[in-house]
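Chain by chain, the residues:
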2 protein chains.
Amino acid sequence: MATPLYQAKAEFFRTLGHPVRIRVLELLSERDHAVHELLAAIAVEPSNLSQQLAVLRRAGLVRQSREGGQVVYSVSVPEVRELLVVARRILVGVLDEQSALKQELTPGSAA
Amino acid sequence: MATPLYQAKAEFFRTLGHPVRIRVLELLSERDHAVHELLAAIAVEPSNLSQQLAVLRRAGLVRQSREGGQVVYSVSVPEVRELLVVARRILVGVLDEQSALKQELTPGSAA
DNA sequence: TCGTCACTTGCACACATCTTCAAGTGCAGT
DNA sequence: ACTGCACTTGAAGATGTGTGCAAGTGACGA
């Protein structure tokens with residue numbers, strides 16, 4: 001066990017820390033997608049998408065398979081969907097708190 | 001809403017993508033800790049810890065409060081604990097798969 | 001076999017993050 | 001007021017990531 005668990009965890013979260021990679025995981029957790037489909041949905045250069053897919057592959061989160069002329073990706077760990085849901089919940093909570101705080105400061109409240 | 005949700009999500013995950021920050025959140029999700037307590041548990045320079053705490057604060061995940069001579073931190077979003085649990089589950093799954101794959105390749109299996 | 005589509009890889013530059021040092025703030029005791 | 005502890009901040013150098021271009025691979029149809 002060369003890497004302690006908390007370091008593996010950090011690495012794992014870093015893997016998720018990129019907009020394109022998040023989008024890909026969101027799309028793949030709905031259904032499998034060929035690269036050109038992802039490409040149509042995400043608005044990023046092919047080479048860039050490919051790089052991000054490689055990152056996800058290395059992390060073991062997605063799986064690649066050739067089907068005729070195209071390459072199809074699928075999530076290899078179904079719980080990812082759950083993680084994204086929890087993350088959204090937290091995020092919404094945090095953003096709410098922040099905007100509430102902002103409202104507390106912004107208006108000309110002298111009371 | 002200048003930032004689309006998937007970008008905010010990516011940012012959020014990047015915030016978690018550091019060993020020290022993960023450790024801090026793990027410790028704080030058990031109970032509140034003063035900085036010197038974290039310092040005793042984590043093995044990192046004070047200034048470095050402070051930097052990482054600042055990152056967590058900016059992200060709205062932890063809260064700071066002065067108590068006498070010391071500064072106490074607490075998680076401001078309880079769901080973080082849940083997120084860490086799900087993350088561990090995924091991580092263990094992925095690592096299992098990877099080591100299984102390794103065993104499939106490593107031994108002198110000619111069959 | 002040739003061209004084309006679907007992807008991937010290597011590389012180089014720009015940009016962000018991490019780490020540490022040095023200096024600064026705030027509180028408590030003397 | 002002064003000293004010391006607890007912590008934070010700023011800044012700089014090293015390191016890591018992201019991006020786009022150019023080139024490469026593989027499958028398919030003409």
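Right above here is the structure, for reference.
Summary of the structure given here.

Calculation criteria
Residues numbered from 1 in each chain as written. Chains lettered and ligands numbered in written order. Predicted model: local features only at pLDDT ≥ 70, side-chain atom pairs only at ≥ 80, totals over all residues. Heavy atoms only, no water. Least-squares fit on C-alpha atoms with pLDDT ≥ 70 in both. Contact = heavy atoms within 4.5 Å. Helix = DSSP H or I, 4+ residues; strand = E, 2+ residues; numbered from the N terminus. Buried area = accessible area lost by both parts, 1.4 Å probe. Salt bridge = Lys/Arg side-chain N within 4 Å of Asp/Glu carboxyl O.

### Describing the relation of the copies chain A and chain B
- Once turned by 180° and shifted 0.0 Å along the axis, chain A lies on chain B with an RMSD of 0.0 Å. Put plainly, the chains are arranged around a two-fold axis.
- Taken as a fraction of all interface residues of chain A, those also at the interface in chain B reach 100%, which identifies the copy contact as same-surface.

### Quick word on unusual backbone geometry
- Positive phi values are uncommon outside glycine, yet A:Ala43 reaches one of about 65°.
- Among the secondary structure elements, A:Ala43 is positioned in the loop between helix H3 (35–42) and helix H4 (46–58).

### Describing the interface of chain A and chain B
- With 36 residues of chain A in contact, the opposing surface of chain B contributes 36 residues.
- Summed over both partners, the interface of chain A with chain B buries about 3400 Å², with 73% contributed by carbon and sulfur atoms.
- When the buried area of chain A at its contact with chain B is split by residue, A:Lys9, A:Phe13 and A:Ile90 rank highest and sum to 19% of it.
- On inspection of chain A and its partner chain B, the count reaches four salt bridges.

Honestly, that's just the spatial picture; any functional story needs more than this.
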